[in-house]
Amino acid sequence: FSTIHTNSAAETITRVLNMGAKPYMISGTFNLVMAQRLARKVCDHCKIEYNVKKENPEFYKAAMEAIGSMKKEDLIKELKLRWISQEQWNKFTKEGILYKGKWCEVCEWTGYKWRVGLYEMMEYTDEIKNLLLQWKTAFEIEAWALKDWMLNLERDGVFKAIKWLTTLDEVYRLTKHKNYK
């Protein structure tokens, strides 16, 4: 168990290679790599609905792409595991409705109170180990893992926004997978 500072689980590979490790060393050593960020949580006291589709269409489109690229069975499994209701799912996907803080004394006029974790875990499967031995880049490995099963920070954050825990503004501020202003 160790820590290393990177932007994503897959980028840990690049960092360790830059430190002088060889791909065969990494493929035989790692079992699981995790990345995490602490996102600000929407204030429960002043939480209001807003239409992210109208107010920030870039984020809505990016979020829909992030979850839309998942396999249907994986998406359904995530929705069930996270207890995302049909109402929450429909409000987001059909209407673009999420929640944000209106600003109040409780949240000290920020719209946020407390924190919620965004997590990304990449298990080092045999396929990933083989990609490493072929000198594939971290981005190629991440793309393969995302296509197959992995939830990255962005996807985890989108699910937490749909669950009304944080905002897409906060998710994209932290994940930096997209070049948004």
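What counts as what
Residues numbered from 1 in each chain as written. Predicted model: local features only at pLDDT ≥ 70, side-chain atom pairs only at ≥ 80, totals over all residues. Heavy atoms only, no water. Helix = DSSP H or I, 4+ residues; strand = E, 2+ residues; numbered from the N terminus. Buried < 20%, exposed > 50% of the residue type's maximum accessible area, 1.4 Å probe, protein only. Areas by Shrake-Rupley, 256 points an atom, 1.4 Å probe, with all protein chains shown as cover. 1 Å grid on protein atoms, 1.4 Å probe; cavity = no way out; pocket = protein on both sides within 12 Å on 5 of 7 lines; lining within 4 Å. Points joined across faces, edges and corners; volume = space filled by probe spheres on them. Nonpolar A, V, L, I, M, F, W, Y, C, P; charged D, E, K, R; others polar. Arc of directions from axis to C-beta. Contact = heavy atoms within 4.5 Å. Disulfide = S-S within 2.5 Å. Core = buried A, V, L, I, M, F, W, Y, C linked by side-chain atoms within 4.5 Å. Patch = residues over 30% accessible without salt bridge, like charges linked within 9 Å, V, L, I, M, F, W, Y side chains within 5 Å. Salt bridge = Lys/Arg side-chain N within 4 Å of Asp/Glu carboxyl O.

(A) Summary view of the overall build of the chain. Of the regular secondary structure elements, the chain holds 10 helices and 4 strands. Listing the helices and strands of the chain from first to last along the sequence gives α-α-β-β-α-α-α-α-β-β-α-α-α-α. For the chain, the spread of C-alpha atoms along the three principal axes comes to 55 × 35 × 30 Å. For the chain, the residues scored as buried account for 48% of the 181 residues in total. Roughly 10800 Å² of accessible area belongs to the chain as shown, and the carbon and sulfur atoms make up 54% of that amount.

(B) Structural detail: helix α10 (residues 168-175). Of all 8 residues in α10, 6 are buried, a share of seventy percent or more. Positioned one or two residues after α10, K176 has a phi angle of 55°, which is positive.

(C) Expanded view of empty space enclosed by the protein. Scanning the model with the defined rule gives 1 cavity of 30 Å³ or more in all. Its volume calculated, the largest cavity comes out at about 40 Å³. Lining the largest cavity, in full, are S69, M70, K71, D74, L146, K147, D148, W149, M150 and R155. At 3 residues, helix α8 (residues 138-148) tops the list of elements feeding residues into the lining of the largest cavity. Of the residues belonging to the lining of the largest cavity, the class tally is 4 nonpolar, 1 polar and 5 charged.

(D) Here's a closer look at helix α1 (residues 11-18). All buried positions along α1 are accounted for by T12, I13 and V16. All buried residues of α1 fall inside an arc of 105° around its axis, so they share one side. Lining the buried residues of α1 we find α2 (23-29), β1 (32-42), β4 (112-123), α7 (126-133) and α8.

(E) Representation of the state of the cysteines in the model. Taken as a whole and judged by the stated rule, the model has 0 disulfides. Among the cysteines around C46, which has no disulfide bond, C104 carries the closest sulfur, lying 3.7 Å off. A relative accessible area of 9% places C46 in the buried class.

(F) Up close: unusual backbone geometry. Phi at W109 takes a positive value of approximately 65°, unusual for a residue other than glycine. Locating W109 in the fold gives a position in the loop between β3 (97-101) and β4. A relative accessible area of 54% means that W109 is categorised as exposed. Positive phi is not limited to glycine here, since W114 has a value of about 80°.

(G) Looking closely at the layout of surface pockets. Within this model, the largest pocket holds a volume of roughly 710 Å³. Forming the boundary of the largest pocket are 20 residues, of which S2, T3, I4, V33 and M34 lie nearest the centre. Broken down by secondary-structure element, the contributors of at least two residues to the lining of the largest pocket are α1 and β1. In terms of residue class, the lining of the largest pocket is built from 10 nonpolar, 9 polar and 1 charged.

(H) Representation of the nonpolar core. The biggest cluster of nonpolar side chains holds 21 residues, and the ones touching the most others in it are I67, F92, F159 and L168. The set of elements that each furnish at least two residues to this core consists of α4 (57-68), α5 (72-81), α6 (86-95), α9 (153-162) and α10. With sequence-adjacent residues up to four places away left out, F159 is seen in contact with I67, M70, L75, E78, L79, R82, I84 and L151. Listed in part, the 18 residues of the second largest apolar core include V16, F30, A138 and M150.

(I) Layout of a nonpolar patch on the surface. On the surface, a cluster of nonpolar side chains totalling about 380 Å² of accessible area is made up of L32, M34, Y119 and M121. Elements with a contribution of two residues or more to the nonpolar patch: β1 and β4. Within the secondary structure, M121 sits in strand β4. By relative accessible area, which is 42% here, M121 ends up partly exposed.

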